[in-house]
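# Fold and contact review
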Number of protein chains: 2
Amino acid sequence: MSSPPLPDQMTAIVLDSYSGVAALRVEQRPVPKPKKNEVLVRVAASPINPSDLAFLEGLYGIEKKTPTIPGFEGSGTVVAAGNAFMGRYLIGKRVACIGRERGDGVWAEYMVTSTKYALPLADSVDLVQGAMSVINPLTAIALISMAKQAGQTAIINTAAASALGQMIDRLGRSEGLRVVNIVRREAQVEILKRVGAQLVLDSSETKFEQNLKEICQQQQIRLAFDAVAGSMTLHLIEALPPKSKVTIYGGLSFEAAQANPGQLIFQEKTVDGFWLTAWLAQKSLIQKMLIWRKAQKMLKNELKTEIRAKYPLEDAKKAVIDYQEHMTGGKVLFVPDL
Amino acid sequence: MSSPPLPDQMTAIVLDSYSGVAALRVEQRPVPKPKKNEVLVRVAASPINPSDLAFLEGLYGIEKKTPTIPGFEGSGTVVAAGNAFMGRYLIGKRVACIGRERGDGVWAEYMVTSTKYALPLADSVDLVQGAMSVINPLTAIALISMAKQAGQTAIINTAAASALGQMIDRLGRSEGLRVVNIVRREAQVEILKRVGAQLVLDSSETKFEQNLKEICQQQQIRLAFDAVAGSMTLHLIEALPPKSKVTIYGGLSFEAAQANPGQLIFQEKTVDGFWLTAWLAQKSLIQKMLIWRKAQKMLKNELKTEIRAKYPLEDAKKAVIDYQEHMTGGKVLFVPDL
């Protein structure tokens, strides 16, 4: 299949140093060329995720050489490929595309990624939902499947009003788990209840610690997923019954996770971490395909993402600031063609 | 075997509330009577351990009803027993005695404990070494055996100049492990090197974090035992290579253990806890007997404890303050008959 002629230059958002939104600028760059086992994607949309914010601050697990184009996920159409079968097969296809551990990300008109990081989208999935079909949906699937494999019937999740938080609640409930949703502001309680969440606790409330302990005892919850860290981890560890585990999957408090030594020692509790990339790496190709198929089927309901705003690449700083200020009111996306 | 007549009253150290050394007093109390499956021990000696200090402050995992007699371990002679075979068998025997999760501890002239917490001492072990033959020696054996079972060839240990720290270093080396000893003051480096430690790092040094990281990489250390918690845990987690674990077995910093979320998430690191009681509970009776025999054989060398001072029970506060002020210069013991 032949693709339309490609321009030489593209618009891209560039991060100059790991000092947050202030270090972002928009520039013209050469359109990159795919090597073997790589494809070039014409980007349709790319969201701002909490992991992107951490990356801008140098707090993500991986630091790329700066200047670099941020953006961990997005969607688009494959317009060129290096000289390999899989790449040529993908040309013309609509894909979800993921930035690699090295090299530039998705916040640009075009991006190059590995053929295995370009996942064909089902016809039922539009490019906007497709742009948000990997990180949050697969994380929700992973966490819920881990909870079920560990034999849990109830779990805790924090930062529960976020896009991912809402997915975890919906998917958990649809798979028969009771989900205790922890939010950090009173207004978020209503948001979550309106979308059907049954158990919501507000950590800013005075009785939070006591309520959390009671619900952990009642429901015999032994597993908490924590995207906040800092003192949230401390409270979770204190509230859970003996032999429980807190799995950290984010650091929204921008603080170190805390745990009382006595709780770890005498109550045999554990703190560990979850990383989607590591979880997926343990899966076979077939398992990955089944997970991807499941995610796409659920994008309209359990794994749906609300959208609040779309910005052109030129509004890089404005868009990131908008998202930072209202992280729970729906996703903010970059749409190069807006 | 008949025992000499018992007095009605005894001297005991009593903790009135969980507010530390200030809440200690010495009083006369009735000598307790052993029930079925219990023995009465005439106490010969009882050390002050870090776990006792934590208990006095209410920071130990277990809170007993106050007023209570503190003291987790000691030694003595069994002078009376409840009406059960094992108790009668123990009468007249020299034992190491351990305080139970409920009821009074060892800092008194007499103490009652369960027959399974009165461990007969080998003839080669005197009552003073016998008083310190359980908590530290069995903890050292447990930690080193856990490291070996996990296939480690090198480990880190913190608070390494303490009595337990020195045991871990000696036992680890004698069992073929490289032990990286972390101390918190420069003077302790010399103490440890003088007793044969090969790898010692001082966490108060400016290059500590860098040196720790280098040694972790060089030796491919994936397991750290941490008795300090607080920011020590943070540094350990940062320094260790991916997929490592920090096992907390004490909280000498009196602060929450800290861990950077990014390290837990992207480097798949874990923080958990070690409690001797839980470790021993997993062992069969035969395994426990073999561990106890091993501990006693090693009390003169690998698991030896240096003694700095002995105090009568009447000097309760003075003794605890003395130990608090110099926790690494050798053990402080209560000797009721001093």
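Residues numbered from 1 in each chain as written. Chains lettered and ligands numbered in written order. Predicted model: local features only at pLDDT ≥ 70, side-chain atom pairs only at ≥ 80, totals over all residues. Heavy atoms only, no water.

## Things to note about the domain arrangement of chain A
All names here are of chain A. What counts, and what does not: Boundary definitions for the domains trace back to an automatic or database domain assignment. Any two residues whose heavy atoms approach within 4.5 Å are treated as being in contact. When two parts are put together, the accessible area they lose, computed with a 1.4 Å probe and summed over both, is reported as buried area. Salt bridges, as used here, are contacts in which a Lys or Arg side-chain nitrogen is within 4 Å of a carboxyl oxygen on Asp or Glu. Throughout, the ten residues Ala, Val, Leu, Ile, Met, Phe, Trp, Tyr, Cys and Pro are labelled nonpolar, Asp, Glu, Lys and Arg are labelled charged, and all others, Gly among them, are labelled polar.
Taken as a whole, chain A is organised into domain 1 (9–132 + 305–334) and domain 2 (135–277). Distance between the C-alpha centres of domain 1 and domain 2: 29 Å. With 15 residues of domain 1 in contact, the opposing surface of domain 2 contributes 13 residues. Summed over both sides, the interface between domain 1 and domain 2 buries roughly 1,100 Å², with carbon and sulfur atoms accounting for 64% of that surface. Scanning the region where domain 1 abuts domain 2 turns up 0 salt bridges. When its residues are assigned to classes, the side of domain 1 that touches domain 2 shows 7 nonpolar, 4 polar and 4 charged.

## Describing the packing of helix H7 (residues 208–219) of chain A against helix H8 (residues 231–239) of chain A
Residues and elements named next belong to chain A. The following threshold applies: Whenever a helix is involved, its axis is fitted only over the stretch in contact; in every case the axis is a line through C-alpha atoms, and angles between N-to-C directions fall within 0 to 180 degrees. Think of it this way: any DSSP run of H or I at least four residues long counts as a helix, any run of E at least two long counts as a strand, and we number them from the N terminus. Angle categories are assigned with fixed cut-offs, so that under 35 degrees is roughly parallel, over 145 is roughly antiparallel, 65 to 115 is roughly perpendicular, and the rest are oblique. The hand of a helix crossing depends on one turn: near helix anticlockwise from the far one by less than a right angle means left-handed, and clockwise means right-handed.
The contact between H7 and H8 brings their axes to 9 Å, and the two run at 45 degrees. Viewed along their axes, H7 and H8 adopt a mutual orientation that is oblique. In the packing of H7 onto H8, the handedness of the crossing is right-handed. Residues Phe208, Glu209, Leu212, Lys213, Cys216 and Gln217 of H7 pack against Met232, His235, Leu236, Glu238 and Ala239 of H8.

## A look at the side chain of Asp272 of chain B
Residue and element names in this part refer to chain B. Definition in use: Burial here depends on accessible area, computed with a 1.4 Å probe over protein chains only, as a share of the maximum for the residue type. Under 20% is buried, over 50% is exposed, and the range in between is partly exposed. Whenever two N or O atoms come within 3.5 Å, that pair is a polar contact, provided that in protein one can donate a hydrogen and the other can accept it, and provided that, for residues adjacent in sequence, both atoms are side-chain atoms.
Structurally, Asp272 is set in strand S14 (residues 270–273). For Asp272, a relative accessible area of 14% puts it in the buried group. At 3.2 Å, the side chain of Asp272 and the side chain of Lys245 are in polar contact.

## Section: the relation of the copies chain A and chain B
Let me state the cut-off plainly: Only residues with pLDDT of at least 70 in both copies contribute their C-alpha atoms to the least-squares superposition of the copies.
Note on the copies: chain A fits chain B at an RMSD of 0.0 Å, the axial shift is 0.0 Å, and the rotation between them is 180 degrees. In short, the pair behaves as if placed about a two-fold rotation axis. Taken together, the interface assignments show that 100% of the residues at the interface of chain A recur at the interface of chain B, consistent with an identical surface on both copies.

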